Amino acid sequence: MSGRRLISRPAAGIIVAILAIVVLAADQFAKYLTVEHLPLHEAVPVLGEFLQLYYVRNPGAAFSLGSEVTWIFTIALAVVSAIIIWKAFSLNSRLWAVVLGCLLGGVLGNLTDRLFRDPGFGVGHVVDMISMPWMMPAIFNVADIFIVCGMIAVALLVVLGLRLDGTREKDDPVVSAEAEAEAEAVTGTSAETDAKAVEKDA
């Protein structure tokens, strides 16, 4: 049942690496264009009030929270990146490889800003440029999109019971054995009851 979902661990690692590089490159290219061509703190309408470009440099998290402790976010991003890379070595699931690859690319996109942008190493400000004022006051970037979507996808895969190795919780041999034993017990009980009924009628 789970065979069609399984891939080799090297193949899964390649998927994670390629997607992470693509997402990181897209994020950094968008930020390069933002820094080079957009005015700072000035809205540029794309689709009226629905979608705007608004270049800001964010020292904190969403809504600029934690701007006094930028280094904490740098450490958190580095830890998350390390965990994803570590988990990538135990993957046999194509879905998990795609999700973790996109998530890793998003995390690395913002981590790159923290490490290499002003005002200094480890405390750099993240470049944000996407604004949708009708939906939320926060301004975000390409990396943020992949991080949020990746976290939602991770939650869904966990809820669906899909494991990193490509198996599902319902495919667990222990669970299956217990279910089979229960079925046999029920069947045996039914057969015994039928036999007693026949003997009684006889």
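Residues numbered from 1 in each chain as written. Predicted model: local features only at pLDDT ≥ 70, side-chain atom pairs only at ≥ 80, totals over all residues. Heavy atoms only, no water.

We now examine the packing of helix H1 (residues 9-37) against helix H3 (residues 94-116). In the contact formed by H1 and H3, the axes pass within 7 Å of each other and the chain directions differ by 35°. Viewed along their axes, H1 and H3 form a crossing whose handedness is right-handed. Here the contact of H1 with H3 is built from residues that sort into twelve nonpolar, seven polar and four charged. (Axes fitted to C-alpha atoms, helices over the stretch in contact; angles between N-to-C directions. Helix = DSSP H or I, 4+ residues; strand = E, 2+ residues; numbered from the N terminus. Left-handed = near helix turned anticlockwise from the far one by under 90°. Nonpolar A, V, L, I, M, F, W, Y, C, P; charged D, E, K, R; others polar.)

Our focus in this paragraph is the sheet that holds strand S1 (residues 43-45). Pairing within the open sheet is antiparallel, and its four strands lie in the order S1-S2-S3-S4. The sheet is open, and its two edges are formed by S1 and strand S4 (139-140), each paired on a single side. With two bridges connecting them, strand S3 (residues 126-131) and S4 associate as antiparallel partners. Bridge pairing in S4 links isoleucine 130 to phenylalanine 140. (Pairing = 2+ DSSP bridges.)

Residues spaced three or four apart along an α-helix point in a common direction, a consequence of the helix completing one turn every 3.6 residues. Between the first and last C-alpha of H1 there are 42 Å, a value that for 29 residues agrees with the 42 Å anticipated at 1.5 Å per step. Here the buried face of H1 lies against strand S2 (52-58), helix H2 (70-88), H3, S3 and helix H4 (142-160). (Expected span 1.5 Å × (residues − 1). Contact = heavy atoms within 4.5 Å.)

Under the criterion given, the structure shown has two aromatic pairs. Where phenylalanine 50 meets tryptophan 134, the ring centres are 5.0 Å apart and the plane angle is 15°; that geometry is what we call stacked. With phenylalanine 50 in the loop between S1 and S2 and tryptophan 134 in the loop between S3 and S4, the pair connects residues that are 84 residues apart, well separated along the chain. Classification of tryptophan 134 by relative accessible area gives partly exposed; the value is 49%. Measuring from centroid to centroid gives 6.3 Å for phenylalanine 116 and phenylalanine 121, while their planes differ by 65°, and the two rings are edge-to-face. Just as phenylalanine 116 is exposed, phenylalanine 121 falls in that class too. (Phe/Tyr/Trp six-rings, centres within 6.5 Å; stacked < 30°, edge-to-face > 60°. Buried < 20%, exposed > 50% of the residue type's maximum accessible area, 1.4 Å probe, protein only.)

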